[in-house]
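The chain contents come next:
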Amino acid sequence: AVVSTQSTGGLCVARYGYRKGVDLLDRIKVTTFQAQSEAEPDDLNNHLYKQTPPSQISNLNPVAIRLARSRCDNLRTVEKAIGYEFKEPLYLLEALTHASFTEIDACYQRLEFLGDAVLDVLMVFRIYEDHPEYDQGQMTDLLSSLVCNTTLSKVCTKLQLHKSLLYDSAELFNVLAGFFMNFEKDQLEQWCKDLSLERVFVDTVDCDTPDKIPILNLDNKVVQAPKLLGDLVESVIGAIYLDCDEDILRVYEVIWPWFEPFYTAFSKTVPKNPKAMINELYSGAIKKSIVSYPGDHYRSIATVSISIRHDDDQN
């Protein structure tokens, strides 16, 4: 029943647009969005909401709102970088406010949740239309590579969204500083242009015995982009979506240039999730154990130990 509902919903969206897909879910009692009666079947841009939800900041007291608006003038460089001018800049301010910044009682996480879904929808539409030869697994792999933290972090760094983040957390400062201090300016620019999903090695990892697992020094050897960088891209996408009155095609126009180089590269050779690769390569394994290396809240790297049963094994 679940698969049938998903496939029917997908067919409806592909043929009539996402507004009609939501209407279908309402009718079969999966959701209760209560679609607007005036929505046209083929109108992709009809509002999902009867009234666009305001920024969390607009619900604060008048003094806090005035203080927040005074900070919006500093966001012009962000608007120029992302290629979109906000009608209501409080959306963008909310998208760039961390929970630790107590001056503004708002946080980017709700917009991140929304932006994550909007980004998935747009990438799914593009993949589905461009690659009729792909099966579900290939489409999933391509989607995963486009919306993974490595890709989003490169987009964030290129747009320099992190430089406008409002926060007051020593831990977060150390995480961001610890990541960016590994790069010279030209190296950082090169990393943003790198169209791969490889982690950044700031030094070589030596191992005298190739058949043994090398010991990785997380502080000096391997750098993984903080999840916060990817979160900021998604929160800004959520802010754009609400500010343009849920015009999903307008959102696509704005964000497609951010992702087009990655989409083009990944479409030629679709990257695979490491976990999926292990499962395919070692499908006959009888035991898989993951040994996690300790890291901070924003970073984790794991080594997988696999035991394989040979045909001549009796146990």
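For the structure itself, look to the data block above.
Here, residues in each chain are numbered from 1, in the same order as that chain's written sequence. Totals for whole chains, interfaces and linings use all residues, but because this is a predicted model, local features are given only for residues with pLDDT of at least 70 and pairs of side-chain atoms are given and counted only at 80 or more. The side-chain numbers reported here are obtained from all heavy atoms of the structure, hydrogens and water having been left aside.

**Student:** So what exactly am I meant to see when it comes to the overall build of the chain here?
**Tutor:** Under the DSSP-based scheme used, a helix requires at least four consecutive residues in state H or I and a strand at least two consecutive residues in state E, with every element numbered from the N terminus. A tally of helices and strands in the chain yields 13 helices and 4 strands. The classification of residues rests on relative accessible area computed with a 1.4 Å probe and restricted to protein chains. Under 20% of the type maximum is buried, over 50% is exposed, and intermediate values are partly exposed. Looking at the chain as a whole, 40% of its 315 residues qualify as buried. We call two residues in contact whenever any of their non-hydrogen atoms come within 4.5 Å of each other. Within the chain, residue pairs in contact and separated by at least 24 positions form 65% of the contacts whose partners lie at least 6 positions apart. Accessible area of the chain: about 18,600 Å², with a carbon and sulfur share of 51%. Computed by Shrake-Rupley with a 1.4 Å probe, the accessible areas treat only the displayed protein chains as cover when residues are assessed.

**Student:** I would appreciate a short explanation of helix α6 (residues 109-130) in the present structure.
**Tutor:** Side chains three or four residues apart in an α-helix point the same way, a direct result of the helix having 3.6 residues per turn. To estimate how far a helix should extend, the number of its residues minus one is multiplied by 1.5 Å. Between the first and last C-alpha of α6 there are 31 Å, a value that for 22 residues agrees with the 32 Å anticipated at 1.5 Å per step. All buried positions along α6 are accounted for by L111, E112, L114, G115, V118, L119, L122, M123 and I127. Buried positions along α6 lie against α5 (89-95), α7 (136-147), α8 (149-159), α11 (227-243) and α12 (248-268).

**Student:** In this structure, what is going on with the nonpolar core? I would like to understand it.
**Tutor:** One finds I82 and W258 to be the most contacted residues of the largest nonpolar core, which totals 70 residues. Residues in contact with W258, not counting those within four places in the same chain, are I82, V155, L159, V233, V236, I237 and I240. We call a set of buried Ala, Val, Leu, Ile, Met, Phe, Trp, Tyr and Cys residues a nonpolar core when their side-chain atoms join them within 4.5 Å.

**Student:** I keep staring at the pattern of salt bridges and nothing clicks. Help me out?
**Tutor:** When their charged atoms lie close together, side chains carrying opposite charge are able to pair. Each salt bridge in this description consists of a side-chain nitrogen of Lys or Arg and a carboxyl oxygen of Asp or Glu lying within 4 Å of one another. Enumeration over the complete set of coordinates arrives at 9 salt bridges. A salt bridge links K227 to E112, with the nearest nitrogen and oxygen atoms 3.7 Å apart. Within this pair, whereas K227 is found in helix α11, its partner E112 is found in helix α6, the two being separated by 115 residues in sequence. What makes K227 partly exposed here is its relative accessible area of 43%. In this structure, K227 and D231 form a salt bridge, with 2.8 Å as the shortest nitrogen-oxygen distance. Taken as a pair, K227 and D231 lie in helix α11 at a separation of 4 residues, close to a single helical turn. The class for D231 is buried, based on a relative accessible area of 8%. Taken together, the shared-partner salt bridges in this structure form one network comprising E112, K227 and D231.

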